[in-house]
Amino acid sequence: MIWNRYGEVYRYQAEQAANKEAYEKYMLLSAEAYEKSLELKENDAATHNNLGNTYQVLGIYKEALKHHQQALRLVPDDARTQVNLGNVWMANQQFKKAEMAYLEAVNLDPNYAGAWLSLGSVYQRQGQRIEAINAYKTALRLNPDYQTVVQKQLVQMEVGND
């Protein structure tokens with residue numbers, strides 16, 4: 001769909017933007033394009049997920065939640081959308097809801113390292129150090145490229161900056 005592609009192009013332009021104003025402009029254009037795409041094909045889970053991510057970046061969390069939840073109604077076994085939903089809950093400091101979304105994601109796809117990393121993060125935010133360390137270790141085992149991120153999180157736990 002052409003509007004979906006426009007949404008992707010605008011997100012790419014936002015990532016290349018030289019300043020915050022240009023970034024926000026392109027993210028808003030991306031959201032508009034995804035909305036237009038949904039007018040043509042309202043049951044497109046991928047577009048709902050992309051729009052949810054776009055709204056999350058813009059800090060429009062109510063809309064982000066709505067679109068991630070709609071994507072999950074359409075494709076309930078999508079671990080990545082579960083993580084995206086959890087990320088919105090994290091941004092709203094709804095840690096238990098984020099934890100539930102991340103747990104669902106690792107249940108759906110036990111080899112999804114990003115879900116384990118996110119689960120470790122929510123455990124860390126809740127002061128559940130052992131659970132956080134175990135989740136981080138699993139993320140690292142599944143994706144050794146997370147070494148730097150995991151080390152940073154472990155250091156934060158050591159110095160008490162959860």
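Everything in this summary refers to the structure shown in the same document. (Residues numbered from 1 in each chain as written. Predicted model: local features only at pLDDT ≥ 70, side-chain atom pairs only at ≥ 80, totals over all residues. Heavy atoms only, no water.)

The next subject is the environment of Asn 87. Residue placement: Asn 87 occurs in helix α5 (residues 79-91). On the basis of relative accessible area, Asn 87 is assigned to the partly exposed category, the value being 23%. A C-alpha to C-alpha distance of 10.0 Å links Asn 87 and Ala 64, two positions 23 residues apart in sequence. In this structure, Asn 87 is in contact with Gln 56, Tyr 102 and Ser 118, ignoring residues within four places of it in sequence. (Helix = DSSP H or I, 4+ residues; strand = E, 2+ residues; numbered from the N terminus. Buried < 20%, exposed > 50% of the residue type's maximum accessible area, 1.4 Å probe, protein only. Contact = heavy atoms within 4.5 Å.)

Attention now moves to the side chain of Thr 81. Tracing the backbone shows Thr 81 in helix α5. In this structure Thr 81 comes out as buried when scored by relative accessible area, which is 2%. A distance of 3.5 Å separates the side chain of Thr 81 from the side chain of Asn 49, its partner in a polar contact. When sequence neighbours within four positions are dropped, the list of residues in contact with Thr 81 reads Asn 49, His 68, Ala 71 and Leu 72. (Polar contact = N/O pair within 3.5 Å; in protein donor to acceptor, adjacent residues only side chain to side chain.)

In this section: the packing of aromatic side chains. All told, the structure shown has three aromatic pairs when counted by the stated rule. Note on Tyr 10 and Tyr 26: the rings are 6.4 Å apart at their centroids and 25 degrees apart in plane angle, and the pair reads as stacked. In this pair, Tyr 10 sits in helix α1 (residues 2-16) while Tyr 26 sits in helix α2 (residues 20-40), placing the two residues 16 residues apart along the sequence. With a relative accessible area of 24%, Tyr 10 lands in the partly exposed category. Judged by relative accessible area, which is 21%, Tyr 26 ranks as partly exposed. The structure contains a cluster of three or more aromatic residues connected by ring pairs, namely Trp 3, Tyr 6, Tyr 10 and Tyr 26. Its end group placed over the ring of Tyr 26, Lys 25 keeps NZ or CZ at 5.1 Å from the ring centre. (Phe/Tyr/Trp six-rings, centres within 6.5 Å; stacked < 30°, edge-to-face > 60°. Lys NZ or Arg CZ within 6 Å of the ring centre and 35° of its normal.)

This next bit is on the packing of α2 against helix α3 (residues 45-58). The geometry of α2 relative to α3 is characterised by a closest axis approach of 9 Å and an angle of 155 degrees between their N-to-C directions. Classed by the angle they form, the pair α2 and α3 counts as roughly antiparallel. As α2 packs across α3, the resulting crossing turns out to be left-handed. Side by side, α2 and α3 meet where Tyr 23, Glu 24, Met 27, Leu 28, Ser 30, Ala 31, Tyr 34, Glu 35, Ser 37 and Leu 38 of the first sit next to Thr 47, His 48, Asn 50, Leu 51, Thr 54, Tyr 55, Val 57 and Leu 58 of the second. Taken together, the residues that form the contact of α2 with α3 break down as ten nonpolar, six polar and two charged. (Axes fitted to C-alpha atoms, helices over the stretch in contact; angles between N-to-C directions. Parallel < 35°, antiparallel > 145°, perpendicular 65-115°, else oblique. Left-handed = near helix turned anticlockwise from the far one by under 90°. Nonpolar A, V, L, I, M, F, W, Y, C, P; charged D, E, K, R; others polar.)

The next subject is helix α6 (residues 95-108). For α6, built from 14 residues, the straight-helix expectation of 20 Å at 1.5 Å per residue is met to within 8% by its first-to-last C-alpha distance of 20 Å. Listing the buried residues of α6 in full gives Phe 95, Ala 98, Glu 99, Ala 101, Tyr 102, Ala 105 and Val 106. Looking down the long axis of α6, one finds its buried residues gathered within 165 degrees of arc, a one-sided arrangement. When the buried face of α6 is taken as reference, the exposed residues oriented beyond 90 degrees from it are Lys 96, Met 100 and Asn 107. Against α5 and α7 (113-125) lie the buried residues of α6. (Expected span 1.5 Å × (residues − 1). Arc of directions from axis to C-beta.)

Counting 32 residues, the largest nonpolar core has Tyr 102, Leu 119 and Val 122 as the members making the most contacts within it. Secondary structure elements with two or more residues in this core: α2, α3, α4 (61-74), α5, α6, α7, α8 (129-142) and α9 (147-159). Discounting residues that sit within four places of it in the chain, Val 122 has contacts with Met 90, Phe 95, Ala 98, Glu 99 and Tyr 102. (Core = buried A, V, L, I, M, F, W, Y, C linked by side-chain atoms within 4.5 Å.)

Where side chains of opposite charge bring their charged atoms close, a pairing between them can arise. Tallying each qualifying case throughout the model produces five salt bridges. Of the charged contacts, one joins Arg 5 and Glu 8 as a salt bridge, the two residues approaching to 2.9 Å between their closest N and O atoms. Of the two residues, Arg 5 and Glu 8 both sit in helix α1, three residues apart, roughly one turn of that helix. Looking at Glu 8, the relative accessible area reads 34%, which means it is partly exposed. Across the pair Arg 80 and Asp 109 runs a salt bridge, and its minimum N-O distance is 3.9 Å. Linking Arg 80 in helix α5 with Asp 109 in the loop between α6 and α7, this pair joins segments that are 29 residues apart in sequence. (Salt bridge = Lys/Arg side-chain N within 4 Å of Asp/Glu carboxyl O.)

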